[in-house]
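# Inside the fold
Each chain, letter by letter, is given below.
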Amino acid sequence: MSYLELRDEELMERLFYKDLKAFETIYDRYCNMVYSTALRIVNDNGLAEDLTQEIFLRIWRQPELYVAERGRFMSWLISVSRNRAVDEIRKRGRRQRLEFTVADEQNRAPAGDADDPLRMAQLSDERVRVQRALKGLPAEQRQALELAYFHGLTQREIAAVLGQPLGTVKTRIRLGMQKLRMQLKEQAGGQLSR
Amino acid sequence: MECSEARELIDAYALGALDKGEAKALLKHLESCLSCWQELKEAEEARNLLALGAPAAFPGPALKTRVLQEAASAKVKPKPFSALGKALPRATAVAGLAVSLAAVFSLAFFFKSEVDDLNAENDVLQQEVTSASAVLQEQQQMLTLLAEPDLQRTVMTSGTAQPEATGMYFYSKSREWGAISCNKLDRLSPGQTYRVWVVTPTGWVSAGDFRSWRGIGQYTIDFRKLDLRAAPTAIIVTLEPDSRGEVLVARLSQ
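What comes next is a walk through the structure. Predicted, not measured: the structure shown is a model, and the values here were computed from it. (Residues numbered from 1 in each chain as written. Chains lettered and ligands numbered in written order. Predicted model: local features only at pLDDT ≥ 70, side-chain atom pairs only at ≥ 80, totals over all residues. Heavy atoms only, no water.)

## Looking at the sheet that holds strand S4 (residues 193-200) of chain B
Residue and element names in this part refer to chain B. An order of S5-S4-S7-S8-S1-S2-S3-S6 is seen for the eight strands of this open sheet, with the pairing classed as antiparallel. Two strands in the sheet have a free side with no partner beyond their single neighbour: strand S5 (203-210) and strand S6 (217-222). Averaged over neighbouring strand pairs, the angle between their axes works out to 20° when direction is ignored. (Pairing = 2+ DSSP bridges. Helix = DSSP H or I, 4+ residues; strand = E, 2+ residues; numbered from the N terminus. Axes fitted to C-alpha atoms, helices over the stretch in contact; angles between N-to-C directions.)

## Remarks on the packing of aromatic side chains
A ring pair, where both rings are aromatic, is described by two values, the distance of the centres and the angle of the planes. Summed over the entire model, instances satisfying the criterion amount to 11 aromatic pairs over all chains. With centroids separated by 5.5 Å and ring planes inclined at 90°, the aromatic side chains of B:Tyr171 and B:Phe223 adopt a geometry described as edge-to-face. Here B:Phe223 lies in the loop between S6 and strand S7 (234-240) and B:Tyr171 lies in strand S2 (residues 166-172), a separation of 52 residues in the sequence. Residue B:Tyr171 shares its accessibility class with B:Phe223, and that shared class is buried. Ring geometry for B:Tyr194 against B:Phe210: centres 5.4 Å apart, planes inclined by 25°, an arrangement best described as stacked. In this pair, B:Tyr194 sits in strand S4 while B:Phe210 sits in strand S5, placing the two residues 16 residues apart along the sequence. For A:Arg40, the ring lying beneath its charged end belongs to A:Phe150, and the centroid distance is 4.5 Å. Sitting over the ring of B:Trp177, B:Arg175 keeps its end group 4.7 Å from the ring centre. (Phe/Tyr/Trp six-rings, centres within 6.5 Å; stacked < 30°, edge-to-face > 60°. Buried < 20%, exposed > 50% of the residue type's maximum accessible area, 1.4 Å probe, protein only. Lys NZ or Arg CZ within 6 Å of the ring centre and 35° of its normal.)

## Some points on the interface of chain A and chain B
Every contact between the two is made by 70 residues of chain A and, on the other side, 53 residues of chain B. When the two sides are added together, the surface that chain A and chain B hide from each other amounts to roughly 5700 Å², 59% of it contributed by carbon and sulfur. In terms of surface lost to chain B, no three residues of chain A exceed A:Glu13, A:Tyr17 and A:Arg181, which account for 13% of the buried area on that side. Where chain A meets chain B, there are 12 salt bridges. With its nearest N and O atoms 2.1 Å apart, the salt bridge here joins A:Glu13 to B:Arg153. Summed over the shared surface of chain A and chain B, the number is 20 residue pairs in polar contact (both at pLDDT 80 or more). The leading source of residues in the side of chain A that touches chain B is helix H2 (residues 20-42) of chain A, at 13 residues. (Contact = heavy atoms within 4.5 Å. Buried area = accessible area lost by both parts, 1.4 Å probe. Salt bridge = Lys/Arg side-chain N within 4 Å of Asp/Glu carboxyl O. Polar contact = N/O pair within 3.5 Å; in protein donor to acceptor, adjacent residues only side chain to side chain.)

## Considerations on the packing of helix H10 (residues 166-187) of chain A against helix H1 (residues 3-14) of chain B
Packing of H10(A) against H1(B) leaves a shortest axis separation of 9 Å and a crossing angle of 75°. Classified by the angle between their axes, H10(A) and H1(B) sit roughly perpendicular to one another. Mapping the contact onto sequence places A:Ile173, A:Arg174, A:Met177, A:Gln178 and A:Arg181 in H10(A) and B:Arg7, B:Glu8, B:Asp11 and B:Ala12 in H1(B). (Parallel < 35°, antiparallel > 145°, perpendicular 65-115°, else oblique.)

## Some words on the pattern of salt bridges
In this structure the tally under the stated criterion is 24 salt bridges over all chains. Between A:Asp50 and B:Arg66 there is a salt bridge, and its shortest N-O distance comes to 3.6 Å. Here A:Asp50, found in helix H3 (residues 45-61), pairs with B:Arg66, found in helix H4 (residues 61-73), and the two come from separate chains. With relative accessibility at 44%, the residue A:Asp50 sits in the partly exposed group.

## Side note on the nonpolar core
Considering soluble globular proteins, one finds that nonpolar side chains tend to be buried as a cluster. Counting 80 residues, the largest nonpolar core has A:Phe56, A:Ile173 and B:Leu15 as its most contacted members. No other element matches the 13 residues that H2(A) contributes to this core. In contact with B:Leu15, other than residues within four places in its own chain, are A:Arg82, A:Leu145, A:Ala148, A:Tyr149, A:Ile173, A:Met177, B:Arg47 and B:Leu50. Counting residues in hydrophobic clusters, the runner-up holds 25 residues, among them B:Ile180, B:Leu185, B:Val198 and B:Leu248. (Core = buried A, V, L, I, M, F, W, Y, C linked by side-chain atoms within 4.5 Å.)

## Re the side chain of A:Thr154
Here A:Thr154 lies in the loop between helix H8 (139-151) and helix H9 (155-162). The contacts of A:Thr154, once residues within four sequence positions are left out, are B:Gly16, B:Ala17, B:Leu18 and B:Asp19.

## Details of H1(B)
The first and last C-alpha atoms of H1(B) sit 16 Å apart over 12 residues, in line with the 16 Å expected at 1.5 Å per residue. Against H9 and H10 of chain A together with helix H2 (20-31) and helix H3 (34-49) of chain B lie the buried residues of H1(B). (Expected span 1.5 Å × (residues − 1).)

## Things to note about the environment of B:Glu45
Position of B:Glu45 relative to the elements: it lies in helix H3. Sequence-wise, B:Glu45 and B:Ala14 are 31 residues apart; in three dimensions their C-alpha atoms are separated by 8.9 Å.

## Observations regarding the pairing of S2(B)
All names here are of chain B. Among the seven residues in S2, six count as buried, and that is most of the element. Looking at chain direction, S2 and strand S3 (residues 177-183) are connected through seven bridges and run antiparallel. Counterpart to Phe170 in the pairing with S3 is Ala179. In this structure, the hairpin formed by S2 and S3 is closed by a connection of four residues, where Glu176 is found at a positive phi of approximately 60°.

## Looking at helix H1 (residues 8-15) of chain A
Three or four residues apart is the spacing at which side chains of an α-helix point the same way, because the helix has 3.6 residues per turn. Most of H1(A) sits out of view: eight of its eight residues are buried. Taken residue by residue, H1(A) has A:Asp8, A:Glu9, A:Glu10, A:Leu11, A:Met12, A:Glu13, A:Arg14 and A:Leu15 as its buried positions.

## Re the environment of A:Ile78
If you trace the backbone, A:Ile78 turns up in helix H4 (residues 73-91). Residue classification places A:Ile78 among the buried positions, given a relative accessible area of 1%. Considering only alpha carbons, one finds A:Ile78 and A:Met33, 45 residues apart in sequence, at a separation of 7.8 Å. The residues touching A:Ile78, leaving out its near neighbours within four places in the chain, are A:Met33, A:Tyr149, B:Asn48, B:Ala51 and B:Leu52.

The following block contains the structure:
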């Protein structure tokens, strides 16, 4: 059986035996996802690469951090990547982060480049699905979700950054997440993939 | 907090966007509300997918080389033969004093104690090598088992004897093999061993003993060789011979 045929969870089990080939397969499978997430958050290529390296080596050294019974590997890895990158920008200073945030969010195109055939070819079905769902959200709801998720801001901080009442931000986040969940469920045929 | 209030907060909590006070109140509610907890799990799943909304970007090819090289160098290395490295310079230094007759006696005493130390360390090393070989042998069997398409996995919960221990139980019905893989096991004292028990409604059957190596322990169970009268309900690892309680337990669903 080829390593490419193994599921993520099976590859992770092999890391307990320091199987370098299994590790390489996991890296090949997810390095772009981890790097893209980190880059979106830290906005610095070099730092995003450093974080990607750190995250993968952590998996190599401590495969027991992932517990298969708690959910699928990809979700766990996304969560680890996002949290580590947000920690990094927090360490680098909240003030700088808030100043950067508004301009960045206003200038950024809606998530996903569905019109770019090259990128489309590189995106997995799941990425396309999520980007489609995000594009379906009203711009202000998507912006609130992205400020929370990619910049690690609380609702109160988002309200300050956008100059909007706290209640408005709370509503945007709640409605945005509900709509996103609903769309993802519909696309996945009734339930979020696990 | 009522469920309706909790539902207002769950999405923001999943995004990590609640203030500490609100998060604390929500957590208190979640402790006793299964339906809100399930709602949170769904919100967390959607939250994780948000990362895929980031524009696709690709790290440079050099990163892969760096990561793999670092991983390869971080592989478990054999323990250096520290006993020799320690003994040799000291022995050389003491030999310099041997010009005086009086020093001959201390030198003789020194060498005797060094030889005793080396013997003791040799025993420990011998034990390490034996344990490492056993673990390696089990790992080879385990890799065969892990490739089985019908492999089932059960997380082992740590018992009272070693609360830090973690483990996984694997079982392949087609092969009739089970195997446990344990981590963070305590170092065994001389004479001690870990024992694997297969528990059935009619009693406990010993499946064999294993020793750990640097906290890792592995053991494969060939069920065809066990005289079981009923289907197993649990797999238990104990510390023997002092039976200080269970080290790890896998409860099996029927």
